[in-house]
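Given next are the chains, with one letter for each unit.
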Amino acid sequence: MATLKYSRQREAIKTFLAGHTDHPTADTVYTCLREIYPNISLGTVYRNLSLLEQLGEITKSSAGSSAEHYDANLEPHQHFICTQCHKVYDIHMEDIDSFIDAAARISPGVIESYRANFYGTCEECSRNKLTKIS
C-alpha cells in the first residue's frame, strides 16, 4: 500500500473525534471544523471519515437514525443507544468476558471481534417524557 499523504484536515478530524466521547455524526464534525477550516467541504469530511475507518483509526456505528456516528476510542467497549434522540453513550462492562466466552462456545467459528449495543431511553429523554406528561 502506498504511503498516505499527510492531510491537515484529516488530522483535524482525528483530533476532533479523539476529543469527543459523544460519537458525533459527519455533519457535526463538519460544522465544528468549519470554524477552523472555513473552506472544508462536507464531502472532504465524509471521504476522510471513510478513509480513517478503512485504516482502522476510527469506528462507525449506526444509532438507528439516518446518520452514522463516529468513535475514535478503539479500546473494547460497548454502547448504549437512545431510541428517542439517537445519542450514543459509551458503556464499560467488566463482565463482558463471560458473555464473549458464552458466544465462543456456541459459535460455528472463531470470534475475532464483536460489537455490543444496548438500546433504550436515555435519562434526558426519560426526564423530558415525564415533564411532558406532568
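Located above this text is the structure these notes cover.
Attention in this report is confined to the structure presented alongside it. (Residues numbered from 1 in each chain as written. Predicted model: local features only at pLDDT ≥ 70, side-chain atom pairs only at ≥ 80, totals over all residues. Heavy atoms only, no water.)

### Comments concerning the packing of helix 1 (residues 8-18) against helix 2 (residues 26-34)
The interhelical angle for the contact between helix 1 and helix 2, taken along N-to-C directions, is 110°, at an axis separation of 11 Å. Judged by the angle between their axes, helix 1 and helix 2 are roughly perpendicular. Read as a crossing pair, helix 1 and helix 2 show a hand that is right-handed. Residues Ala12, Ile13, Phe16 and Leu17 of helix 1 pack against Thr28, Val29, Cys32 and Leu33 of helix 2. Class assignment of the residues belonging to the contact of helix 1 with helix 2 gives a composition of seven nonpolar, one polar and no charged. (Axes fitted to C-alpha atoms, helices over the stretch in contact; angles between N-to-C directions. Helix = DSSP H or I, 4+ residues; strand = E, 2+ residues; numbered from the N terminus. Parallel < 35°, antiparallel > 145°, perpendicular 65-115°, else oblique. Left-handed = near helix turned anticlockwise from the far one by under 90°. Contact = heavy atoms within 4.5 Å. Nonpolar A, V, L, I, M, F, W, Y, C, P; charged D, E, K, R; others polar.)

### Details of the side chain of histidine 69
Counting through the fold element by element, histidine 69 comes out in strand 2 (residues 68-71). Not counting residues up to four positions away in its chain, the partners in contact with histidine 69 are His23, Pro24, Thr25, Thr59, Lys60, Ser61, Ala63, His86 and Val88.

### Looking at the packing of aromatic side chains
Counted according to the given criterion, the structure contains one aromatic pair. With 6.3 Å between their ring centres and 50° between their planes, phenylalanine 80 and tyrosine 89 make a pair best called tilted. By relative accessible area, tyrosine 89 is classed as partly exposed at 32%. (Phe/Tyr/Trp six-rings, centres within 6.5 Å; stacked < 30°, edge-to-face > 60°. Buried < 20%, exposed > 50% of the residue type's maximum accessible area, 1.4 Å probe, protein only.)

### With respect to the nonpolar core
In terms of nonpolar packing, the biggest core is built from 15 residues, with Ile13, Leu17, Val29, Leu33, Val45 and Leu49 touching the most fellow members. The set of elements that each furnish at least two residues to this core consists of helix 1, helix 2 and helix 3 (42-54). (Core = buried A, V, L, I, M, F, W, Y, C linked by side-chain atoms within 4.5 Å.)

### A word on the side chain of threonine 44
Looking at the secondary structure, you find threonine 44 in helix 3. Polar contacts involving the side chain of threonine 44 include one to the side chain of arginine 47, which spans 3.2 Å. (Polar contact = N/O pair within 3.5 Å; in protein donor to acceptor, adjacent residues only side chain to side chain.)

### Quick look at the environment of arginine 8
Within the fold, arginine 8 resides in helix 1. Counting along the chain gives 29 residues from arginine 8 to tyrosine 37, while the straight-line C-alpha distance between them is 9.7 Å.

### Focus: the pattern of salt bridges
Taken as a whole and judged by the stated rule, the model has four salt bridges. With a shortest N-O distance of 3.7 Å, lysine 60 and glutamate 53 are connected by a salt bridge. The partly exposed category is assigned to lysine 60, whose relative accessible area is 28%. Judged by its relative accessible area of 29%, glutamate 53 is partly exposed. (Salt bridge = Lys/Arg side-chain N within 4 Å of Asp/Glu carboxyl O.)

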